[in-house]
Amino acid sequence: EEAGLQNIEIMETGAQPIVYCDYLNAPGKPTVLIYSHYDVQPADPFELWNHEPFEPKVEGGKILGRGASDDKAGVLLSIQAVESILKTSGGALP
């Protein structure tokens, strides 16, 4: 909602939920679908980790965390790109 997106819904699937939102205020404009997965492979075997795999940890100037770049970063980047366009264009998509 803070990004200006609408009709936000979390759809339970019995496995990983689907997160849906849209912005339907651009009549006559083409539809753009942004898809990203946000799940990661299991962290097993846990004994090979030196910290909790899903808790971010700063090490050597880097932030480490399971799934931080594949593909949670892509999901967040897509949302922030749309947010930036909406905020700088007065709520209108190009």
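Since the structure is predicted, the reported quantities are computational estimates derived from the model, not experimental observations.

K.L.:
Please clarify how the overall build of the protein chain should be interpreted in this entry.
P.N.:
Within the protein chain, the secondary structure is distributed over one helix and four strands. Reading the helices (α) and strands (β) of the protein chain from amino to carboxyl end gives β-β-β-β-α. The C-alpha radius of gyration of the protein chain comes to 17 Å, more than 25% above the 12 Å expected for a compact globule of 94 residues. With the C-alpha coordinates aligned to their principal axes, the bounding extent of the protein chain is approximately 55 × 35 × 20 Å. The burial tally for the protein chain puts 14% of its 94 residues in the buried class. Taking contacts inside the protein chain between residues at least 6 apart in sequence as the whole, the part at least 24 apart equals 36%. Of the roughly 7500 Å² of accessible surface on the protein chain, a fraction of 58% belongs to carbon and sulfur atoms.

K.L.:
Help me understand the pairing of strand E2 (residues 18-22), please; the structure alone is not making it clear to me.
P.N.:
Where strand E1 (residues 6-11) and E2 come together, four bridges link them in antiparallel fashion. Across the sheet, the residue bridging to Glu 9 is Tyr 20, located in E2. Where E1 hands over to E2, the hairpin turn is made up of six residues, of which Gly 14 adopts a positive phi near 95°.

K.L.:
Can you walk me through the pattern of salt bridges in this structure?
P.N.:
Pairs can form between side chains of opposite charge whenever their charged atoms are close. Tallying each qualifying case throughout the model produces two salt bridges. For the salt bridge of Lys 87 with Glu 83, the shortest nitrogen-to-oxygen distance reads 2.8 Å. Pair noted here: Lys 87 and Glu 83 are both in helix H1 (residues 72-88), with a separation of four residues, about one helical turn.

K.L.:
Mind showing me how you'd approach unusual backbone geometry here?
P.N.:
For residues that are not glycine, phi is negative in most cases, and the peptide bond is trans in most cases. Look at the link from Asp 44 to Pro 45: it is a cis peptide, with omega at 0°. Inspection of the secondary structure assignment puts Pro 45 in the loop between E2 and strand E3 (57-59).

K.L.:
I'm lost on the side chain of His 51 in this one. Help?
P.N.:
Topologically, His 51 is positioned in the loop between E2 and E3. In this structure His 51 touches Lys 57 and Leu 64, once residues within four positions along its chain are discounted.

K.L.:
How should the nonpolar core be read in this particular structure?
P.N.:
One recurring pattern in soluble globular proteins is that nonpolar side chains are buried together. Ranked by size, the top nonpolar core spans five residues in total: Ala 3, Leu 5, Tyr 23, Val 82 and Leu 86. Aside from chain neighbours lying at most four places away, what touches Leu 86 is Ala 3, Gly 4, Tyr 23, Gly 91, Ala 92 and Leu 93.

K.L.:
When you look at the environment of Leu 64 in this model, what are you seeing that I'm missing?
P.N.:
Inspection of the secondary structure puts Leu 64 in strand E4 (residues 62-64). Since its relative accessible area comes to 30%, Leu 64 is described here as partly exposed. Each C-alpha atom of the pair Leu 64 and Leu 77 lies 18 Å from the other, and the pair is 13 residues apart in sequence. When near neighbours in sequence (up to four residues on either side) are disregarded, Leu 64 contacts His 51, Glu 55, Pro 56, Lys 57 and Glu 59.

Rules of the game
Residues numbered from 1 in each chain as written. Predicted model: local features only at pLDDT ≥ 70, side-chain atom pairs only at ≥ 80, totals over all residues. Heavy atoms only, no water. Helix = DSSP H or I, 4+ residues; strand = E, 2+ residues; numbered from the N terminus. Rg over C-alpha atoms; globule rule 2.2 N^0.38 Å. Buried < 20%, exposed > 50% of the residue type's maximum accessible area, 1.4 Å probe, protein only. Contact = heavy atoms within 4.5 Å. Areas by Shrake-Rupley, 256 points an atom, 1.4 Å probe, with all protein chains shown as cover. Pairing = 2+ DSSP bridges. Salt bridge = Lys/Arg side-chain N within 4 Å of Asp/Glu carboxyl O. Core = buried A, V, L, I, M, F, W, Y, C linked by side-chain atoms within 4.5 Å.

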